Amino acid sequence: EWMVRTMTARNAEKTYICPECSTAVPPGVAHLVVWKDDHLFGAAAGLAERRHWHTNCWMSRSYRYR
């Protein structure tokens, strides 16, 4: 299971690298924050490993993230 939260453009303050396309998600761009809900080491570990994705990349992600 994946937890998916929307990051609004207003709240996007840092640059992140999307794990799917390996390009920047710059500040001011709405995107998704995703983490594993059923992480082997618990919820806190899953949250610590969260990643920031372009919305389109998440919707068309590769098999390894499904």
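Residues numbered from 1 in each chain as written. Predicted model: local features only at pLDDT ≥ 70, side-chain atom pairs only at ≥ 80, totals over all residues. Heavy atoms only, no water.

Engineer: What's the story with the pattern of salt bridges in this structure? I'm lost.
Structural biologist: For the structure on display, the rule yields one salt bridge. The closest approach of N and O atoms between lysine 36 and aspartate 38, which form a salt bridge, is 3.7 Å. For lysine 36, a relative accessible area of 29% translates into the label partly exposed. Relative accessible area serves as the criterion here: at 46%, aspartate 38 is assigned to the partly exposed category. (Salt bridge = Lys/Arg side-chain N within 4 Å of Asp/Glu carboxyl O. Buried < 20%, exposed > 50% of the residue type's maximum accessible area, 1.4 Å probe, protein only.)

Engineer: Is there a simple way to explain the nonpolar core in this structure?
Structural biologist: If you look at soluble globular proteins, the nonpolar side chains tend to sit buried side by side. In terms of nonpolar packing, the biggest core is built from seven residues, these being Cys18, Val25, Leu32, Val34, Trp53, Cys57 and Trp58. Those elements that provide at least two residues to this core are β4 (31-36) and α2 (55-59). Excluding residues within four positions of it along the chain, valine 34 makes contact with Trp2, Met3, Val4, Arg50, Arg51, Trp53 and Trp58. Listed in part, the five residues of the second largest apolar core include Met3, Met7, Val33 and Trp35. (Core = buried A, V, L, I, M, F, W, Y, C linked by side-chain atoms within 4.5 Å. Helix = DSSP H or I, 4+ residues; strand = E, 2+ residues; numbered from the N terminus. Contact = heavy atoms within 4.5 Å.)

Engineer: What exactly am I supposed to notice about the side chain of arginine 61 here?
Structural biologist: Secondary-structure assignment places arginine 61 in the segment after α2. At 7.4 Å, glutamate 20 is the nearest oppositely charged side chain to arginine 61, a buried residue that forms no salt bridge. (Lys, Arg positive; Asp, Glu negative; His and termini not counted.)

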